[in-house]
Amino acid sequence: MPGCPLSHRAFFSRASLVMSVLVAGMICGSCNGGMSAPPPPPPPPATFELVQVATGFSTPLDIQQPGDASGRLFIVEQGGHIQIIQSNGTRAATPFLDITGRAGFTSGGETGLLGLAFHPNYKNNRRFFVNYTRNNATQLQTVIAEFTASSTNANVADPTTENILFTVDQPFSNHNGGGLAFGKDGFLYIGLGDGGGSGDPSGNGQNTTTLLGKMLRIDVDSTHAPGLNYAIPPSNPFATSGGRAEIWLFGLRNPFRFSFDSVTGDLWIGDVGQNNFEEVDHLTSGQGGLNLGWNIMEGTHCFLPATGCSTAGLTLPVFDYDHSQGDDTVIGGHIYRGTKMPSLVGTYVFGDFISGRMWILTQTGSTFTRTSLFTVAANDLSAIGQDQLGELYVARYSTGAVSRIHQVGQP
C-alpha cells in the first residue's frame, strides 16, 4: 500500500517470525585481596514473538485506540471498514464505520480507507477523523473527514455525521500518504504524499504552494475562517505568507505512517523512498517549517541531481537504509513506552512492508543504531499500532491478523 505502484511492490507472501535483540548489561567487578572476582554470566538475550489477538480482517492498514479506557482497538481495513477488537480479544459483530457507500469511494493499490485518528477528548465528544480516497467524476481525491460516534452505542459511528474538512486532488493513484495523528499540542497532523509518479515529476515536495508532499497541521477545535472547516494554528510556518497555511513540514515523498512519542511529543516519520533508500525522520516538538529534502535527496543521498546536490537548508533523516536485503517500503512505528517489554522502553520500533523485517532504533548521542527484532512475513507488515497502555501491535495485510509484540518471559 504505502510504496510504489502495486506492480513494483507486490502485496502478498508468507515468511517466518523469530529473531532476538541482545540486551547489554553492565558488569562491575569487586575487589578481593587485590584480585578481581570473576564476572557474572551475561544475561540471556531478550527474545520477541508475535501473539495473535484477532484474525479475519480484510487488508488491515492501521491500528488505533480511542483513549477512552475501554481497552478497544480499532482496525482500519483498506476496503472501507473500521472494525473493533474488544478488550477481551473478541471482534465486534458489525463494523464501527462503513464508508463503502460514499460517493466515489475507491480502494485498491494505494487507495482506499488509509488512516484514522481519534480526537484527544474522544471520550467526551466522540469525534474521530479519517483519510480516504474517492473519485470525483474522473478526478482522484484524498478526503480528510470527521465523523461522530453514536451517543447510544459506543461500537457504532453515525454515518450521517460526516463533515469533510478538505479534499486534495491526486495526479496519480500512488503516494497518497494516509496517516493521521494528534500531537501533544492538540492539533491534527496529516501526512500527504507527493502525488505519485516516479521521482515527483511535478516537484510537489519542494513546492510550498501545494499540500502534496507535506506534513500538515490544522486546528479542528477553534473557530475557523469562512470557507474553511478547520482553523490554522497561528504558529504554523506559513500561516500568514510564503506557502499554504496548513503546511507544517515539506520535502516528503510518502509519509504513510508517523507517530508522536507519548512522553516527549517528538514526531517520528517513516517516509517511503523511491528507488534505493527508505528513511526515518525524527523532529522534536515545535520544529515546524523544515525541509526534509525530497526530491533533492532520497534519504541522506542525492536524488536530483544524482550527485553534487546541496544539502544547505535541509533536515536529513536520522536513519536510512537501502534495498540490498529485500527491504523496500518503510513502515513507521512508535517509541515504546509500555511496561511489558522492558528491553524496548525508549526505543523506536519500526519495520518494512516488503521484507517483513522489524527493528528497533536506539540513540546514543547523535548516532542512531538499528537492531533486528524479528521477521513477520514478506508483503504483510502494514501497520504498527499501540494500545492505551503503550503496548505494540502489528497489522498483517495479507494474513488478515492483528498480533501483539511480546517479550518472551514477560506478561
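Rules behind the numbers
Residues numbered from 1 in each chain as written. Predicted model: local features only at pLDDT ≥ 70, side-chain atom pairs only at ≥ 80, totals over all residues. Heavy atoms only, no water. Helix = DSSP H or I, 4+ residues; strand = E, 2+ residues; numbered from the N terminus. Buried < 20%, exposed > 50% of the residue type's maximum accessible area, 1.4 Å probe, protein only. Contact = heavy atoms within 4.5 Å. Areas by Shrake-Rupley, 256 points an atom, 1.4 Å probe, with all protein chains shown as cover. Phe/Tyr/Trp six-rings, centres within 6.5 Å; stacked < 30°, edge-to-face > 60°. Polar contact = N/O pair within 3.5 Å; in protein donor to acceptor, adjacent residues only side chain to side chain. Pairing = 2+ DSSP bridges. Axes fitted to C-alpha atoms, helices over the stretch in contact; angles between N-to-C directions. Salt bridge = Lys/Arg side-chain N within 4 Å of Asp/Glu carboxyl O. Core = buried A, V, L, I, M, F, W, Y, C linked by side-chain atoms within 4.5 Å.

Caption draft 1: Spatial organisation of the overall build of the chain. The secondary structure content of the chain amounts to one helix and 29 strands. When burial is assessed residue by residue, the chain has 55% of its 411 residues classed as buried. Considering only contacts within the chain whose residues lie at least 6 apart along the sequence, 58% involve residues at least 24 apart. Working note: accessible area of the chain is about 16300 Å², and carbon and sulfur atoms make up 52% of it.

Caption draft 2: A look at the packing of aromatic side chains. Enumeration according to the criterion identifies 22 aromatic pairs in this entry. Relative to Tyr132, the ring of Phe105 has its centre 6.1 Å away and its plane inclined at 55°; by these criteria the two rings are tilted. Pair noted here: Phe105 is in the loop between strand 8 (97–98) and strand 9 (113–118) and Tyr132 is in strand 10 (residues 127–136), with a separation of 27 residues, a long-range link. Between Phe128 and Phe147, the aromatic rings sit 5.8 Å apart at their centres with planes inclined by 15°, giving stacked as the arrangement.

Caption draft 3: Main features of the side chain of Lys214. On the secondary structure map, Lys214 appears in strand 15 (residues 214–218). Here the side chain of Lys214 touches Thr210 through a polar contact of 3.0 Å, landing on its backbone oxygen. Residues in contact with Lys214, not counting those within four places in the same chain, are Ile190, Gly191, Leu192, Asn204, Gly205, Asn207, Thr208, Ile247, Leu249, Phe250, Leu252 and Pro255.

Caption draft 4: Here's a closer look at the sheet that holds strand 10. Strand order in the open sheet made by the four strands is 9-10-11-12, with antiparallel pairing throughout. The outermost strands of the open sheet, each flanked by one partner alone, are strand 9 and strand 12 (157–169). Across the sheet, the axes of successive neighbouring strands diverge by a mean angle of 25°, strand direction being ignored. With eight bridges joining them, strand 11 (residues 139–149) and strand 12 adopt antiparallel strand pairing.

Caption draft 5: Quick peek at the pattern of salt bridges. All chains considered together, the criterion is met by 10 salt bridges. Two residues, Arg127 and Asp221, come together in a salt bridge whose shortest N-O distance is 2.9 Å. One end of the pair, Arg127, is in strand 10; the other, Asp221, is in the loop between strand 15 and strand 16 (247–250), and 94 residues separate them in sequence. The class for Arg127 is buried, based on a relative accessible area of 16%. For Asp221, a relative accessible area of 45% corresponds to the partly exposed category. Linking Arg217 and Asp185 is a salt bridge whose minimum nitrogen-to-oxygen distance equals 3.0 Å. With Arg217 in strand 15 and Asp185 in the loop between strand 13 (180–182) and strand 14 (188–192), this pair connects stretches of sequence that are 32 residues apart. Judged by relative accessible area, which is 4%, Arg217 ranks as buried. Put simply, Arg127, Glu146 and Asp221 are held in one network by salt bridges that share partners.

Caption draft 6: Structural detail: the pairing of strand 19 (residues 277–283). Strand 19 sits mainly inside the fold: seven of its seven residues count as buried. Of the two faces of strand 19, the one lined by Phe277, Glu279, Asp281 and Leu283 and the one lined by Glu278, Val280 and His282 are each fully buried. Direction of pairing for strand 18 (residues 267–271) relative to strand 19: antiparallel, over a ladder of five bridges. The residue of strand 19 that forms the bridge with Leu267 is Leu283.

Caption draft 7: Structural detail: the sheet that holds strand 13. In spatial order, the strands read 13-14-15-16; together these four strands make up an open sheet with antiparallel pairing. Whereas interior strands pair on both sides, the edge strands pair on one side only; in this sheet they are strand 13 and strand 16. Here the average twist between neighbouring strands, direction ignored, is 20°. Strand direction decides the pairing type here: strand 13 and strand 14, joined by three bridges, are antiparallel. Each residue of the ladder has a partner; that of Ala181, found in strand 14, is Tyr189.

Caption draft 8: Quick peek at the nonpolar core. Ranked by internal contacts, the top residues of the largest apolar core, which has 36 residues, are Val349, Phe350, Met358 and Ile405. Looking at this core element by element, the count peaks at four residues for strand 25 (residues 357–364). With residues near it in sequence (within four places) discarded, Ile405 still touches Glu49, Leu50, Met341, Val349, Met358, Phe374, Leu392 and Val394. The next biggest cluster of nonpolar side chains, apart from the first, holds 21 residues, and it includes Phe74, Val76, Ile84 and Phe118.

Caption draft 9: Spotlight on the side chain of Thr208. Following the sequence through the fold, Thr208 ends up in the loop between strand 14 and strand 15. The buried category is assigned to Thr208, whose relative accessible area is 15%. Aside from chain neighbours lying at most four places away, what touches Thr208 is Lys214, Phe238, Gly242, Gly243, Arg244, Ile247 and Phe250.

Caption draft 10: Spatial organisation of unusual backbone geometry. With an omega of 10°, the peptide bond between Trp294 and Asn295 qualifies as cis. Examined against the element boundaries, Asn295 turns out to sit in the loop between strand 19 and strand 20 (297–298). Cis geometry is found at the peptide bond from Leu304 to Pro305, where omega equals 5°. Considering the arrangement of structural elements, one finds Pro305 in the loop between strand 21 (301–302) and strand 22 (319–322). In this structure, Thr59 takes a positive phi of about 40° despite not being glycine. Note on placement: Thr59 falls in the loop between strand 4 (46–54) and strand 5 (60–64). For Thr59, a relative accessible area of 19% puts it in the buried group.

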